[in-house]
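Remarks on the overall topology
Residues per chain, in single letters:
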4 protein chains.
Amino acid sequence: MRNTIKEPVTRFSVSLPPPLARELDRMAREKGYDNRSLAVADMIRAQLVEHHQQLGDREIAGSITLVYDHHRHHLQDLLTDLQHEHRKVIISALHCHLDHDNCLEILAVRGRATAIKKLADELIAAKGVKHGKLTITSTGKDLPI
Amino acid sequence: MRNTIKEPVTRFSVSLPPPLARELDRMAREKGYDNRSLAVADMIRAQLVEHHQQLGDREIAGSITLVYDHHRHHLQDLLTDLQHEHRKVIISALHCHLDHDNCLEILAVRGRATAIKKLADELIAAKGVKHGKLTITSTGKDLPI
Amino acid sequence: MRNTIKEPVTRFSVSLPPPLARELDRMAREKGYDNRSLAVADMIRAQLVEHHQQLGDREIAGSITLVYDHHRHHLQDLLTDLQHEHRKVIISALHCHLDHDNCLEILAVRGRATAIKKLADELIAAKGVKHGKLTITSTGKDLPI
Amino acid sequence: MRNTIKEPVTRFSVSLPPPLARELDRMAREKGYDNRSLAVADMIRAQLVEHHQQLGDREIAGSITLVYDHHRHHLQDLLTDLQHEHRKVIISALHCHLDHDNCLEILAVRGRATAIKKLADELIAAKGVKHGKLTITSTGKDLPI
């Protein structure tokens, strides 16, 4: 890492019960972090993403992951129709052919949280969709590194 | 969660970029924490619960959603290297350019749960990745409709 | 290309949606053809040259780019069925919603040239696919840098 | 196919030298068309796409297919930087890990032809990109079916 310039940091101390501190160290190691501080910074960012979700209708980015059987009558047509109606919040969709029957489809989305939640609900409720999940992340603008 | 009896504690210091420290303070206040340390301790506990969720080692499909600043030195190289090492569980990756700095990258994955969890952990721990999430679904075979 | 000597000809009729017939006329005029028939004959020759290009049967990578109107009855189902049948040569498919009607779908492919050519032909021939193109590149292994 | 309503058609006759007519029939069969007329209609649309390209700076859709060795120093950073600069014409990028070294990356693009050609030229010229190709298609709006 060529970052030779000293970047400003805010330093503060955290107090944990010793068993929790040990668990943190083990988890940070298992997840591949170089030190506790980096692991904690990532947790804070993850928590910020969740916290921001509850603050109403912000702009978010995210993904909608669907598994379905494409042989279901009209399902493919229905999913595509729904996606075209909501195309303003869909960047694009990645379609993977898992086996003869099952598709994994992942939509990259961006827009107002309420519009995206509505789209995810409609897609997941479609008959023939076996499982679906909305994953919310941030557009990155409000997450400092 | 207040320590009213004097209990042993492990104290360590965390370094954050100043804007992130400010966001942490605001969130801690909004959530009603008395200080940063208590807020951080709760995040660590929540993260531990998630980390210890037993995924087993069955075959899963899913997605890994990442947001990062592609200007971070070598980050793009690192993420691509990691992905090539783990390419057996990655079907492909969808990359969206959110703005001048931020990328939304979504990997479609399939394989043993432990291998995929490990890959997700390494990608999310990479310095410069602001937020990441592993979304697990099924390959569809074990989900009747 | 004018038939000045009386030569034997095969005559057959072509049915086009009226707007497409008008576009053909305009293009034929702009390209300097005396009539539709001569313009069509030249297109057929050009297409034959492309069709007979020897791809061999080496392993290739590439993309199949399709534009279609997803409202065409059953088209989406048909395209997905075809893709699942040929899923061994399809890595994944990227679907972009261009407007209310039109889709841009790009398949990342890898495998034997003949299998990929056959898949591309079938997809492009599907009724409702407006335009399609197979782009062949290499898997990189035989291309030193 | 449920199209029970009679759609309007323009019918015209095409005259071909008999050997060319036979070749057309064989090619239409090999490509999976139900009849000559459908094969000819697709050729006309393909020719229209090419013809429109020569008419100056229209809005096009398309794909840019790249094969490169991601180990080349800084190549990944450079490609991502270039893509972010031109992000207005890039819908998203699909990245496939072909083997330990080689990547297949396909960009879905849409915008003015000149801007897209410039982007393709810059990406293909990047040191380490082994092969690249711009595939131009239409946004579908100007291609009647």
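Our subject is the structure listed above.
An account of the accompanying structure is given in this report. Just so you know, these numbers come straight off a predicted model, no measurement behind them.

Our focus in this paragraph is the state of the cysteines. Inspection of the entire model under this criterion finds 0 disulfides over all chains. In this model C96 of chain A remains outside any disulfide bridge; the closest cysteine sulfur is found in C96 of chain D, 9.1 Å from its own. Overall, the relative accessible area of 1% leaves C96 of chain A in the buried class.

For E23 of chain C, the position within the fold is in helix α1 (residues 18-30). The buried category is assigned to E23 of chain C, whose relative accessible area is 17%.

Reading across the sheet, the 8 strands line up as β5(A)-β2(A)-β4(A)-β3(A)-β3(C)-β4(C)-β2(C)-β5(C) and stay open at both edges, with antiparallel pairing between neighbours. Each edge of the sheet is formed by a strand with only one pairing partner; in this case those strands are β5 (129-137) of chain A together with β5 (129-137) of chain C. In this sheet, neighbouring strand axes are inclined to one another by 15° on average, regardless of whether the strands run parallel or antiparallel. Two strands pair when backbone bridges link them, and strand β2 (residues 59-69) of chain C and strand β4 (residues 102-112) of chain C are joined in this way by 11 bridges, in the antiparallel orientation. Within β4 of chain C, the position partnered with E59 of chain C by the bridge is R112 of chain C.

Residues and elements named next belong to chain B. Running from N to C, helix α3 (residues 75-85) and helix α4 (residues 113-125) cross one another at 170°; their axes reach a closest spacing of 10 Å. Here α3 lies roughly antiparallel to α4, going by the angle between them. Mapping the contact onto sequence places L79, L82 and Q83 in α3 and L119, E122 and L123 in α4.

Quick look at the side chain of E105 of chain A now. All names here are of chain A. Topologically, E105 is positioned in strand β4 (residues 102-112). No salt bridge forms around the buried E105; measuring N to O, its nearest opposite-charge neighbour K130 is 14 Å away. Reaching out from E105, the side chain makes a polar contact with the side chain of H95 at a distance of 2.7 Å. Setting aside chain neighbours within four positions, we find E105 in contact with I64, T65, L66, Y68, Q76, Q83, A93, L94 and H95.

The next thing to look at is the interface of chain D and chain B. Note on interface size: it is often stated as the accessible area lost on association of the parts. Contacts between the two partners involve 24 residues from chain D and, on the opposite side, 24 residues from chain B. Contact with chain B buries surface across chain D, with H84, R87 and H97 of chain D losing the most and accounting together for 31% of the total. Counting across the interface, chain D meets chain B through 0 salt bridges. Across the chain D-chain B interface, the total number found is 15 residue pairs in polar contact (both at pLDDT 80 or more). Secondary-structure elements contributing two or more residues to the side of chain D that touches chain B are α3 (75-85), β3 (90-97) and β4 (102-112) of chain D.

The next point concerns the interface of chain B and chain A. At the junction of the two partners, chain B supplies 70 residues and chain A supplies 74 residues. Together chain B and chain A conceal approximately 6,900 Å² of surface at their shared face, both sides included; 65% is due to carbon and sulfur atoms. For the pair chain B and chain A, the number of links is 1 salt bridge. A salt bridge links D121 of chain B to K31 of chain A; the nearest nitrogen and oxygen atoms lie 3.2 Å apart. Applying the counting criterion to the chain B and chain A interface returns 22 residue pairs in polar contact (both at pLDDT 80 or more). Mapped by element, the contributors of at least two residues to the side of chain B that touches chain A are β1 (10-16), α1 (18-31), α2 (36-52), β2 (59-69), β3 (90-97), β4 (102-112), α4 and β5 (129-137) of chain B. Looking at which element gives the most residues to the side of chain B that touches chain A, the answer is α2 of chain B, with 11 residues. When grouped by side-chain class, the residues that make up the side of chain B that touches chain A number 34 nonpolar, 20 polar and 16 charged. Here strand β1 (residues 10-16) of chain A runs beside β1 of chain B; their pairing, made up of 7 bridges, is antiparallel. The partner of R11 of chain A across the bridge, within β1 of chain B, is S15 of chain B.

Let's shift gears to the sheet that holds strand β2 (residues 59-69) of chain D. Pairing is antiparallel across the open sheet formed by 8 strands, whose spatial order is β5(B)-β2(B)-β4(B)-β3(B)-β3(D)-β4(D)-β2(D)-β5(D). On the outer flanks of this sheet lie β5 of chain B together with β5 (129-137) of chain D, each paired with one strand and no other. Here the strands of the sheet are splayed against their neighbours by 15° on average, with no regard to which way each runs. Of the strand pairs in this sheet, β3 of chain B and β3 of chain D are connected by 3 bridges, and their pairing is antiparallel. Bridging across to β3 of chain D, H95 of chain B finds its partner in A93 of chain D.

Time to look at the pattern of salt bridges. Applying the stated rule across the entire model yields 30 salt bridges over all chains. Its salt-bridge partner being K141 of chain D, residue E59 of chain D comes within 3.6 Å of it at the nearest N-O pair. Taken together, the residues span a long stretch of sequence, with E59 of chain D in strand β2 and K141 of chain D in the segment after β5 at a distance of 82 residues. Look at the salt bridges and you will find they share partners, linking K31 of chain A together with K117 and D121 of chain B into a network.

Along the polypeptide, H51 of chain C turns up in helix α2 (residues 36-51). Judged by its relative accessible area of 10%, H51 of chain C is buried. In sequence terms H51 of chain C and K117 of chain C are 66 residues apart; their C-alpha atoms lie 9.5 Å from each other. With residues up to four places along the chain from it excluded, the contact list for H51 of chain C reads K117 and D121 of chain C together with M27, E30 and K31 of chain D. In terms of polar contacts, H51 of chain C uses its side chain to reach the side chain of E30 of chain D, at 2.6 Å.

What counts, and where the lines are drawn
Residues numbered from 1 in each chain as written. Chains lettered and ligands numbered in written order. Predicted model: local features only at pLDDT ≥ 70, side-chain atom pairs only at ≥ 80, totals over all residues. Heavy atoms only, no water. Disulfide = S-S within 2.5 Å. Buried < 20%, exposed > 50% of the residue type's maximum accessible area, 1.4 Å probe, protein only. Helix = DSSP H or I, 4+ residues; strand = E, 2+ residues; numbered from the N terminus. Pairing = 2+ DSSP bridges. Axes fitted to C-alpha atoms, helices over the stretch in contact; angles between N-to-C directions. Parallel < 35°, antiparallel > 145°, perpendicular 65-115°, else oblique. Contact = heavy atoms within 4.5 Å. Lys, Arg positive; Asp, Glu negative; His and termini not counted. Salt bridge = Lys/Arg side-chain N within 4 Å of Asp/Glu carboxyl O. Polar contact = N/O pair within 3.5 Å; in protein donor to acceptor, adjacent residues only side chain to side chain. Buried area = accessible area lost by both parts, 1.4 Å probe. Nonpolar A, V, L, I, M, F, W, Y, C, P; charged D, E, K, R; others polar.

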